[in-house]
Amino acid sequence: MWRGLWTLPALAARGLRRSCSRQGSGAPAPSSGATIFALSSGQGRCGVAVIRTSGPASGPALRSLTAGRDLPPARSARLRLLSDPRSGEPLDRALVLWFPGPQSFTGEDCAEFHVHGGPAVVSGVLQALSGVPGLRPAEAGEFTRRAFTHGKLSLTEVEGLADLIHAETEAQRRQALRQLDGELGRLCHDWAETLTTALAHVEAYIDFGEDDSLEEDVLERVDSSVRGLQAALGAHLRDARRGQRLRSGAHVVVAGPPNAGKSSLVNLLSRKPVSIVSPEPGTTRDVLETPVDLAGFPALLSDTAGLREGVGPVEQEGVRRARARCGDPSTGPPLLTRARHQYHLQSCLDALGHYKEARDLALEAEALRVARGHLARLTGGGGTEEILDVIFRDFCVGK
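Calculation criteria
Sequence order sets the numbering: in each chain, residues are counted from 1 along the sequence as written. Reporting in this predicted model follows two pLDDT cut-offs: at least 70 for local features of residues, and 80 or more for side-chain atom pairs to be given and counted; totals over whole chains, interfaces and linings ignore these cut-offs and use all residues. Hydrogens and waters are ignored; side-chain quantities use all the structure's heavy atoms. Any two strands with at least two DSSP bridges between them are considered paired. Note on conventions: DSSP H or I runs of at least 4 residues are helices, E runs of at least 2 residues are strands, and numbering of each starts at the N terminus. Each axis is a line fitted through C-alpha atoms, taken for helices only over the stretch in contact, and angles between the N-to-C directions span 0 to 180 degrees. Should any heavy atoms of two residues lie within 4.5 Å, those residues are counted as being in contact. What makes a salt bridge here is a side-chain nitrogen of Lys or Arg within 4 Å of a carboxyl oxygen of Asp or Glu, nothing more. For every residue, the accessible area (1.4 Å probe, protein chains only) is compared with the maximum for its type, and the residue is labelled buried under 20%, exposed over 50%, or partly exposed between those bounds. The criterion for an aromatic pair is that two Phe, Tyr or Trp rings (for Trp, the six-membered ring) have centres within 6.5 Å, with stacked assigned to planes under 30 degrees apart, edge-to-face to planes over 60 apart and tilted to the rest. Comment: the charge-over-ring label is applied if NZ (Lys) or CZ (Arg) is within 6 Å of the ring centre and within 35 degrees of the ring normal. Grouping buried Ala, Val, Leu, Ile, Met, Phe, Trp, Tyr and Cys residues that are joined through side-chain atoms within 4.5 Å yields what is termed a nonpolar core.

## So, the sheet that holds strand β6 (residues 135-137)
Strands pair in a sheet through their backbones, by hydrogen bonds, and they do so in one of two ways: parallel or antiparallel.
Logical step 1: Pairing in this open sheet of 6 strands is mixed, and the strands run β3-β4-β5-β2-β1-β6 from one edge to the other. Each edge of the open sheet carries a strand with a single partner, namely β3 (78-83) and β6. Shown here is a sheet whose adjacent strand axes are inclined to one another by a mean of 30°, direction ignored.
Logical step 2: Packing against the sheet, helix α2 (residues 58-65) makes contact with β1 (35-39), β2 (46-54), β3, β4 (90-99), β5 (110-117) and β6, and its axis sits at approximately 35° to β5.
Logical step 3: The sheet strands contacting helix α4 (residues 142-149) are β1, β2 and β6, and the helix crosses β1 at an angle near 135°.

## Describing the pattern of salt bridges
Logical step 1: Counted by the stated rule, this structure contains 7 salt bridges.
Logical step 2: Aspartate 84 is the salt-bridge partner of arginine 86, the closest N and O atoms lying 3.6 Å from each other.
Logical step 3: Here arginine 86 falls in the exposed class, since its relative accessible area comes to 54%.
Logical step 4: The closest approach of N and O atoms between glutamate 108 and arginine 146, which form a salt bridge, is 2.9 Å. One end of the pair, glutamate 108, is in the loop between β4 and β5; the other, arginine 146, is in helix α4, and 38 residues separate them in sequence.
Logical step 5: With relative accessibility at 11%, the residue glutamate 108 sits in the buried group.
Logical step 6: Here the salt bridges share partners, and the residues they tie into one network are Glu108, Arg136, Glu142 and Arg146.

## Quick look at the side chain of glutamine 230
Logical step 1: Mapped onto the elements of the fold, glutamine 230 is located in helix α8 (residues 218-248).
Logical step 2: Contacts of glutamine 230, omitting those with residues within four sequence positions, involve Leu349, Leu352, Gly353 and Lys356.

## Comments concerning the packing of aromatic side chains
Logical step 1: For the coordinates displayed, the defined rule picks out 0 aromatic pairs.
Logical step 2: When the ring centre of phenylalanine 143 is taken as reference, the NZ or CZ atom of arginine 52 above it lies at 4.6 Å.

## Some thoughts on the nonpolar core
Logical step 1: Core analysis: the biggest nonpolar cluster contains 27 residues, and Trp191, Leu195, Leu233, Leu345, Leu352, Leu368 and Leu375 have the highest contact counts within it.
Logical step 2: Here this core takes 8 residues from helix α7 (residues 183-208), the largest share from any one element.
Logical step 3: Ignoring sequence-local partners within four residues, the contact set of leucine 195 consists of Leu229, Cys348, Leu352, Leu368, Ala371, Arg372 and Leu375.
Logical step 4: Membership of the second largest hydrophobic core comes to 23 residues, among which are Phe37, Phe113, Val125 and Leu129.

As structure tokens, this is what we get:
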């Protein structure tokens, strides 16, 4: 009897993995036969520019631009003369790399061209690739989306990659790397495993509750694991605001009476003369903003007019703006991905609350299934197309 019971967590876990599969997430699979290409290293003059391709025509494209020479060994750089396959005109002498799928960033066949970073060279290589049959320019974020679709990255890892690309401070970089390395995904996986086991035990009790071989405390152990999970989720949610602030930056409003040293403080922290400093009261009459890096944490400092009464109309408007800014220092909406994390974790916690309130085993099992579903969607299972579109559109072309 217990042999059958202990196989239930494994069966349920397989069901969870199926619900988390990338193909079922709502992200469209790459079009059959479509190979994409783009400049991946950013616009502008530079020493070396990286152009890459992804898709089944990557190998033929690499051969076409290297006069039909054999593909280089996988993941090894080779120096090749690049030429336009239509005219035969030399384009550049460059390093080329070959990444056969599935051992590549996207999971597909990929090629990279490390060319000199002059605009004419980059434009020439891109034009040559556009003439290769089966190739088309990539859309923003399409390389990363293909990596997600092929299971190379979970959705939380994709978000970590986006954060890393946009990181401006050391603290942002460290947090982004932790998420890109799968720390949040692994945590959600552990939580999901706890729910899988709890759900399996509840369903086993429903099916075999009258069997004498079923241990009497099985439901008590489920209750204990759910309580532990509730505590962990609650602690993570309480810390979510700090993570959001690290990603989007804190808005710090410097306010107070005239000549209190507000402008001097802003200039000191920003290390530049943002505000005029004068012994005359009322020098600052508008809100002056400047971004700063405070020990690795991003912040937007706002210098404001001194708060006082009985002044002229211009300074009164400055005081009004200062009071308004003090009333809402966290202007701007939170980033969608952080809101998505909080939504699914809070929904999972709410479902566990329904489990505790349920007086029927079937309702308890359903609450555990709902909670597990929210954890699956957090890492990419069952995500809607609209959410995926917003996440991937924040990437640049070529990433």
